Amino acid sequence: MNLKELLNKEQYEAVCHKDGPLLILAGAGSGKTRVITYRIANLISEHGVAPANILAVTFTNKAAGEMKSRIRHVVGKPADNIWMSTFHSLGCRILRAHAEKLGYTKGFSIYDEDDRERLVKECMHQAKVNEKEMKPYQIIRYISDIKNQLLNPRQYMEMAQDYNNKIVARIYVVYEEKMKRNNAMDFDDLIKLPVELLKSRNDMLEMYREKFRYILIDEYQDINNSQYELITLLAKKHRNICVVGDDDQSIYKFRGADITNILEFEDDYKDARVIRLEQNYRSTKIILKAAHNVIRNNTNRKAKELWTENNEGEKIIFYYTDDEIAESEAILKEVDRLQRGTETQLRQMAVFYRTNAQSRVIEDRFRRGGIPYKLIGGLSFYGRMEIKDLLAYLRVVSNPQDIISFKRIINVPPRGIGDASIDKVEENAMNANLSFIDGLLAADNVTGVKDSTKNTLKKFAAFFKNLSENKENMKLRDLVREIVNRTGYKDYWKSDASPKSRERVENIEEFESAISEFEESNEKASLEDYLNQVALLSSVDKMDEKADAVTLMTVHSAKGLEFDVVFIAGMEEGLFPHKNCKDEPGGLEEERRLAYVAITRARKKLFLLSAASRRQTGTKRITKISPYMNEIPPELLEHRGRMPVKTVEEKYLKGTIEDTLQDMEPEFDMPVDVAPTYKPGQKVKHKVMGQGQIMKIEPHGDDFKLTVVFKKHGKKVLSANHAGLEKI
DNA sequence: AGCGATGTATTTTTT
DNA sequence: ATACATCGCT
């Protein structure tokens, strides 16, 4: 392997660096993956480092798998001994080996946000917190933050000062108790608990420090506090830590990612070597220039500019459409044209959007237009209700302590078991110090539950107890078949002929074949392995590389990927940048980084789309073009679709009000049907002022403030209820 | 007690 | 639009 020929000067330096801390600042498309894989291969083949002594953390399991197979090409089978995965998979692997030391068993469940919310609701109930006071998902956010700070309930209790924090503290205590009783971990635990293990057990710390002599972390800019702690603990002794990242691509602040980790790496390791990769091999000059002109508006960043030897390329297309339907139409049209006209394959095209909700319209249009697509994230296969139900059935078998999963499926399909009965049985189990499943078996001791219900409960529990005891001897597929048939789950959906139910039956069958497939390709895998894999695979991991179809995904999911042609839909103020980011400190800068990430995914062709109006949660809103569009130099853009128009006011001052009626871009942020009587653009007549046009509607108490431009008197602000306007 | 129907608020992004 | 809670009916 002649590295000098394969790499540029900086890449070569990074690959050949052996011992000591190394920071690689790798811009978008600068060949980072290449550097990581060659560096690991080089450590093994040139420096004789044992693969088992290498730990590499990547952002997706897919990236890990790809790198591993490339390394295998160079060093062969020993590459399998490298620990290469995401942070959460790493944590899970450590915990599976040492669960008992922390008071869990190996079969612990991993709770996703959905399970967490169910649990939090129970906790709120138990801690006597009204759901109106704080919403469950807010509590989850708080708890997640607390766990990222590695705080236990007792520690947090002492710190909690203000009203909200005190409420959260009360719930957090109950939450942790219940999690432990359910033998369950959330995503945050998968990092927090390994840290606790290493901190409390010196033998464990020493063992893992000796094992992971060489550590490599990708996407370091998106690491949160607990992940930082974990890595720092492990790396402190040998200090062979190489981190790779780009401060301009930090987009996960909402889940605790802390950009200062990368900005301060050189303070943590004073002797750190720093290498910058600034040559871009991915995009055209025009795309790169546009990206730079957007990101340069951020103040909190390391100054830098990527460059490329690639072609100038084509102009970026700005597509302005009437509404989101027309937007999807435009995307479809362009996709179709590219697919026919050039050599671009569908798999080389992607549509990005800021929020998952935007995907539906695009999906519909693609489906009707006969263009195959793959949807990443959102309500994907594993997010479907029926699949989650089946997974809950499996989790009950794997972890009979998992009360949340039990409750999910205990009355699905309906067996006449209601909340009241469950509560009574659960309370009885608690008092008698029984597990939930044994509590069900002991249903006879409970008062106030019908005999028929008791029998159902007992039968139900006995069935799962039996499966749970025999799970080792059963094939996974048989386990699933047994569950699906014996619980009547499939028949339940089959009995209903609605298209929705038929789809569910199909999904159930697809699940059965998916599990068979898993079993065939992972012979030694247990039920627990399967459940872990399902819980920890990211949406991008589940992406089908082979299918020739257009990819639909959020900008967040797009990180680390690249496509020949990229469409970014919904370039509108309030959507991208999203309105919820306005109040958060640094929120707008983070949104801009998101835009930067989105733009830099494109190799050859970039489409940016805005719709003049958009329906959101049922109501239609007039939109404004995203400010990021103004940051891109106009000479890089080519316009398609309807023309952006000047404001009503501007037009009015120049011409007649009639001219403005056709094309206008009113400035308001109200649902159109909130003010039933008035609409922006509506021409009105006032007793004194005469003819005018409504430009802006804002809520004002129970009333609305109307901004009206009158022909004779210019702009006035009036109260909707008192102005006495007449529509004309 | 359990189920279905009606009314109402709404989550940006993800392991 | 959709999910979810609450309410009233069986």
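Parameters at a glance
- Residues numbered from 1 in each chain as written.
- Chains lettered and ligands numbered in written order.
- Predicted model: local features only at pLDDT ≥ 70, side-chain atom pairs only at ≥ 80, totals over all residues.
- Heavy atoms only, no water.
- Helix = DSSP H or I, 4+ residues; strand = E, 2+ residues; numbered from the N terminus.
- Areas by Shrake-Rupley, 256 points an atom, 1.4 Å probe, with all protein chains shown as cover.
- Near = heavy atom within 4 Å.
- Polar contact = N/O pair within 3.5 Å; in protein donor to acceptor, adjacent residues only side chain to side chain.
- Nonpolar A, V, L, I, M, F, W, Y, C, P; charged D, E, K, R; others polar.
- Salt bridge = Lys/Arg side-chain N within 4 Å of Asp/Glu carboxyl O.
- Buried < 20%, exposed > 50% of the residue type's maximum accessible area, 1.4 Å probe, protein only.
- Phe/Tyr/Trp six-rings, centres within 6.5 Å; stacked < 30°, edge-to-face > 60°.
- Pairing = 2+ DSSP bridges.
- Right-handed = clockwise from strand over helix to strand, strands pointing away.
- pLDDT = per-residue confidence, 0-100.
- Contact = heavy atoms within 4.5 Å.
- 1 Å grid on protein atoms, 1.4 Å probe; cavity = no way out; pocket = protein on both sides within 12 Å on 5 of 7 lines; lining within 4 Å.
- Points joined across faces, edges and corners; volume = space filled by probe spheres on them.
- Axes fitted to C-alpha atoms, helices over the stretch in contact; angles between N-to-C directions.

Novice: Looking at this model, I keep getting lost on the overall build of chain A. Mind explaining?
Specialist: The helix and strand tally for chain A stands at 31 helices and 24 strands. With the model as given, the accessible surface of chain A reaches about 33,200 Å², and the carbon-plus-sulfur share is 48%.

Novice: I keep staring at the protein's contact with DNA strand B and nothing clicks. Help me out?
Specialist: Close contacts around DNA strand B come from 32 residues, with Arg354, Gly418, Ala420, Ser421 and Ser538 the closest. Between a sugar or linking oxygen of DNA strand B and a side-chain N or O atom of His578, the distance comes to 3.3 Å. Going through the elements one at a time, helix 6 (113–126), helix 7 (136–148), helix 20 (419–431) and helix 27 (555–558) are the ones with two or more residues in the surface near DNA strand B. It is helix 20 that contributes the most residues to the surface near DNA strand B, four residues altogether. Taken together, the residues of the surface near DNA strand B sort by class into nine nonpolar, 14 polar and nine charged.

Novice: Sorry, what's going on with the pattern of salt bridges here?
Specialist: Pairing between side chains of opposite charge can happen when the charged atoms of each approach one another. Overall, the coordinates contain 69 salt bridges when judged by the stated rule. Residue Asp248 is joined to Arg301 by a salt bridge in which the shortest nitrogen-to-oxygen separation is 2.9 Å. In this pair, Asp248 is assigned in the loop between strand 7 (241–245) and helix 13 (260–263) and Arg301 in the loop between helix 15 (285–295) and strand 10 (307–308), connecting sequence segments 53 residues apart. The exposure class assigned to Arg301 is buried, which follows from its relative accessible area of 18%. Note that Asp248 and Lys304 form a salt bridge whose closest N and O atoms lie 3.3 Å from each other. Note that Asp248 is positioned in the loop between strand 7 and helix 13 and Lys304 in the loop between helix 15 and strand 10, a separation of 56 residues in sequence. Overall, the relative accessible area of 2% leaves Asp248 in the buried class.

Novice: So what exactly am I meant to see when it comes to the packing of aromatic side chains here?
Specialist: Two measures describe an aromatic ring pair: the distance that separates the ring centres and the angle between the ring planes. Scanning the entire structure with this criterion turns up 23 aromatic pairs. With centroids separated by 5.4 Å and ring planes inclined at 40°, the aromatic side chains of Phe59 and Tyr252 adopt a geometry described as tilted. In this pair, Phe59 is assigned in the loop between strand 2 (54–57) and helix 4 (61–75) and Tyr252 in the loop between strand 7 and helix 13, connecting sequence segments 193 residues apart. Overall, the relative accessible area of 9% leaves Tyr252 in the buried class. Pairing Phe518 with Tyr530 gives two aromatic rings, centres 4.9 Å apart and planes at 65°, and the pair type is edge-to-face. Taken as a pair, Phe518 in helix 25 (residues 499–521) and Tyr530 in helix 26 (residues 527–536) lie far apart in primary sequence, twelve residues in all.

Novice: Looking at this structure, how should I read the environment of Lys132?
Specialist: Looking at the secondary structure, you find Lys132 in the loop between helix 6 and helix 7. As for Lys132 and Leu102, which are separated by 30 residues in sequence, their C-alpha atoms are 35 Å apart.

Novice: Honestly, the pairing of strand 7 in this entry has me stumped. Any pointers?
Specialist: Here is the key point about a regular strand: its side chains alternate between the two faces of the sheet. Most of strand 7 sits out of view: five of its five residues are buried. The two faces of strand 7 match: Ile241, Val243 and Gly245 on one face and Cys242 and Val244 on the other face are all buried. As judged from the four bridges shared by strand 1 (residues 22–26) and strand 7, these two strands associate in the parallel manner. Bridged to Leu25 within strand 7 is Gly245. Pairing of strand 6 (residues 214–217) with strand 7 involves three bridges; the strand directions are parallel. Within the sheet, the bridge partner assigned to Leu216 lies in strand 7 and is Cys242. Where the polypeptide runs from strand 6 across helix 12 (residues 225–235) and back to strand 7, its parallel neighbour, the crossover connection is right-handed.

Novice: When you look at the pairing of strand 17 (residues 613–616) in this model, what are you seeing that I'm missing?
Specialist: The pairing of strand 17 with strand 18 (residues 619–622) spans four bridges and is antiparallel. Note on strand 18: the bridge partner recorded for Arg614 is Arg621. Once strand 17 ends, the chain turns through two residues before running back antiparallel as strand 18, passing Thr617 with a positive phi of about 40°.

Novice: I tried to follow the confidence of the model for chain A on my own but got confused; where do I start?
Specialist: Here chain A averages 87 in pLDDT, and 89% of its residues register 70 or above. Model confidence for chain A, summarised as mean pLDDT per element, is weakest for helix 31 (residues 657–662) at 38 and strongest for strand 6 at 97. Note on residues 647–676: pLDDT under 50 across the span, and 64 contacts to partners over four residues away in sequence or across chains.

Novice: Honestly, the protein's contact with DNA strand C in this entry has me stumped. Any pointers?
Specialist: Taken together, Lys121, Arg360 and Thr617 make up all the residues around DNA strand C. In the model, a phosphate oxygen of DNA strand C is placed 3.3 Å from a nitrogen or oxygen of the Lys121 side chain. Here Arg360 contributes a side-chain N or O atom positioned 2.9 Å from a phosphate oxygen of DNA strand C.

Novice: Explain empty space enclosed by the protein to me, please; I cannot follow it from the model alone.
Specialist: If a probe as big as a water molecule is rolled over the atoms, it shows which places are left empty. Inspection of the entire model under this criterion finds three cavities of 30 Å³ or more. By volume, the largest cavity is sized at about 100 Å³. The wall of the largest cavity is formed by 13 residues, among which His292, Lys304, Glu305, Leu306 and Tyr596 lie closest to the centre. Here the lining of the largest cavity gets four residues from one element, more than from any other, and that element is helix 15.

Novice: For this particular structure, what's the right way to read the sheet that holds strand 19 (residues 637–641)?
Specialist: The strands making up a sheet associate through hydrogen bonds between their backbones, and the pairing can be parallel or antiparallel. Ordered in space as 13-14-12-15-16-11-19, the seven strands form an open sheet in which the pairing is parallel. Of all strands in the sheet, those bounded by a partner on one side alone are strand 13 (373–375) and strand 19. Along the sheet, successive strands turn relative to each other by an average axial angle of 20°, direction set aside. For strand 11 (residues 316–321) and strand 19, the ladder comprises five bridges, and the chain directions are parallel. Looking at strand 19, one finds that Tyr320 is bridged to Gly641. Relative to strand 16 (residues 602–611), helix 15 is tilted by about 50°, and along the sheet it contacts strand 11 and strand 16.

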